[in-house]
Amino acid sequence: MNSQTEASIARGITLICVGVFAISVNDLLIKALSNGYPLHQIVFTRTAIGIFLSFLMLHLEGGLSLLRTSRPGLHILRGLTLVAANMTFFASLAALPLGLTTALYYVGPLFITLFSFAFLGEKVGPLRIGAIVVGFMGVIVMQEPWRSGSSYGPPWLFALPVIAAALYASMAVMTRALGVKSTAAALTIYNQLMFLAVSSLFYLLVGQGQADPGPESPSLHFLLRAWTWPTSEDWPLFALTGVCNGIVAYCITSAYRMAPSASIAPFEYIGLPLAIFWGWLFFAEWPTPAIWVGCGMILGAGLFVFLRERQKKRPNPARKDLATRR
């Protein structure tokens, strides 16, 4: 490996770490804002801010002409799937600890391998199948089924981040199957336009809180409560979510362009200890022993699947599409 390649890998690792850090801060901010504002308002505001950074990236990549596409339907479908994944994940943040929600979301790579086998006909050996089973067993362990009830609420709350991961995985596999040849900045803008459209539709339909079930249902309350003009103390938090959105798009896209995914992808997993740290620092959340065990099972399974695919020289289809994540 020459010095230029080593330098590119080092820059790629630095960028992926910055990008994952921005994701963790974004999740922290959205959880903090969930007590006072509806999810669709937060999503609209952060996207309206972040899209300016994306247009700057597009300008650097070649200009508005890069937004032309022969497959607008595919971009709409991808965008809607990503919006559904994000909204489902963020809705779970209102009711579940930050570290637990993030850990459950990390079953995404397992879904990608499973969907590649089911829908793309890729070969998946017994070792990876076993790892997938172990990962999903980790989800069950986190719910502590041996107890009469979870302290976090009904079991369906645990399903929200898992559903978000499945939606994200389906988007990644769909992208690979159908082929999307747009630049990273163009893809980000298409997705952000869908976020703006969906959050605006939410405002028109339920923006006055007419469908809000109340705080007894934290996730639905977060999703459907009435829009509220942000206080002067909260405007900086809204602005920071938009900045984080732009940082994630730039850093993760650039990282995967300048360095092999095999060298930098494992560094994505720093997101879990960061989420646990933020949860402890700001919300006094600390994982139970069962959650620690489940985290280990999910992350261990995900890393094993990644390393096995690297050994088989079958890169994970999501790796080039990670700029769209949260």
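Residues numbered from 1 in each chain as written. Predicted model: local features only at pLDDT ≥ 70, side-chain atom pairs only at ≥ 80, totals over all residues. Heavy atoms only, no water.

Undergrad: Describe the pattern of salt bridges, naming the residues involved and giving the relevant values.
TA: Here the structure, examined in full by the defined rule, presents one salt bridge. Residue glutamate 285 pairs with lysine 31 through a salt bridge whose shortest N-O separation is 3.6 Å. Pair noted here: glutamate 285 is in the loop between helix H12 (271-283) and helix H13 (289-311) and lysine 31 is in helix H1 (residues 3-33), with a separation of 254 residues, a long-range link. Comparing glutamate 285 with lysine 31 shows no difference in burial state: the two are buried. (Salt bridge = Lys/Arg side-chain N within 4 Å of Asp/Glu carboxyl O. Helix = DSSP H or I, 4+ residues; strand = E, 2+ residues; numbered from the N terminus. Buried < 20%, exposed > 50% of the residue type's maximum accessible area, 1.4 Å probe, protein only.)

Undergrad: Explain H13 to me, and be specific about the residues and the numbers.
TA: When the terminal C-alpha atoms of H13 are compared, their 33 Å separation across 23 residues agrees well with the 33 Å that a helix rising 1.5 Å per residue should span. Among the residues of H13, Ala290, Ile291, Gly294, Cys295, Met297, Ile298, Leu299, Ala301, Gly302, Val305, Phe306 and Glu309 are the ones counted as buried. (Expected span 1.5 Å × (residues − 1).)

Undergrad: If you had to explain a nonpolar patch on the surface to someone new, which residues and values would you point to?
TA: A cluster of nonpolar residues, Phe277, Trp280, Leu281, Phe282, Trp286 and Trp292, forms a patch on the protein surface that exposes about 680 Å² of accessible area. A total of four residues in the nonpolar patch trace back to one element, the largest contributor, which is H12. What makes tryptophan 280 partly exposed here is its relative accessible area of 45%. (Patch = residues over 30% accessible without salt bridge, like charges linked within 9 Å, V, L, I, M, F, W, Y side chains within 5 Å. Areas by Shrake-Rupley, 256 points an atom, 1.4 Å probe, with all protein chains shown as cover.)

Undergrad: Can you tell me about the environment of phenylalanine 111, naming the residues and giving the values?
TA: With respect to the helices, strands and loops of the structure, phenylalanine 111 is situated in helix H5 (residues 108-119). Taking relative accessible area as the criterion, phenylalanine 111 reaches 12% and is therefore assigned buried. For the pair phenylalanine 111 and glycine 302, spaced 191 residues apart in sequence, the C-alpha separation works out to 9.9 Å. Excluding its chain neighbours within four sequence positions, the residues that come into contact with phenylalanine 111 are Phe136, Val162, Ala165, Ala166 and Ala169. (Contact = heavy atoms within 4.5 Å.)

Undergrad: How would you explain the nonpolar core if you had to name every residue and give the values?
TA: Residues Val107 and Phe111 are the most contacted members of the largest nonpolar core, which totals 82 residues. In terms of residue count, the dominant contributor to this core is helix H7 (residues 156-178) (13 residues). Membership of the second largest hydrophobic core comes to seven residues, among which are Met57, Leu58, Ile189 and Tyr190. (Core = buried A, V, L, I, M, F, W, Y, C linked by side-chain atoms within 4.5 Å.)

Undergrad: Describe the packing of helix H2 (residues 39-61) against helix H10 (residues 235-258), and please don't skip the residues or the numbers.
TA: Viewed as axis vectors pointing N to C, H2 and H10 meet at an angle of 40 degrees, and their least axial separation amounts to 8 Å. The angle between H2 and H10 places the two elements in the oblique class. The way H2 lies across H10 gives a crossing that is right-handed. Taking contact as the criterion, the partners of Gln41, Ile42, Thr45, Arg46, Thr47, Ile49, Gly50, Leu53, Met57 and Glu61 in H2 are, on H10, Trp235, Phe238, Ala239, Thr241, Gly242, Val243, Asn245, Gly246, Ala249, Tyr250 and Arg257. (Axes fitted to C-alpha atoms, helices over the stretch in contact; angles between N-to-C directions. Parallel < 35°, antiparallel > 145°, perpendicular 65-115°, else oblique. Left-handed = near helix turned anticlockwise from the far one by under 90°.)

Undergrad: Kindly report on the confidence of the model for the protein chain, identifying the contributing residues and their values.
TA: Any residue range with low pLDDT should be treated as having predicted coordinates unsuitable for detailed reading. The share of residues in the protein chain with pLDDT of 70 or more is 90%, and the mean pLDDT across the chain is 85. Averaged pLDDT values over the elements of the protein chain bottom out at 74 in helix H11 (residues 261-264) and peak at 95 in H12. (pLDDT = per-residue confidence, 0-100.)

Undergrad: Quick rundown of the packing of aromatic side chains? Include the residues and the values.
TA: Inspection of every chain in the model, using the stated rule, returns 16 aromatic pairs. On the numbers, 5.5 Å between centres and 40 degrees between planes, the contact of phenylalanine 111 with phenylalanine 115 is tilted. Of this pair, phenylalanine 111 and phenylalanine 115 both sit in helix H5, four residues apart, which is roughly one turn of the helix. Residue classification places phenylalanine 115 among the buried residues on the basis of a relative accessible area of 16%. (Phe/Tyr/Trp six-rings, centres within 6.5 Å; stacked < 30°, edge-to-face > 60°.)

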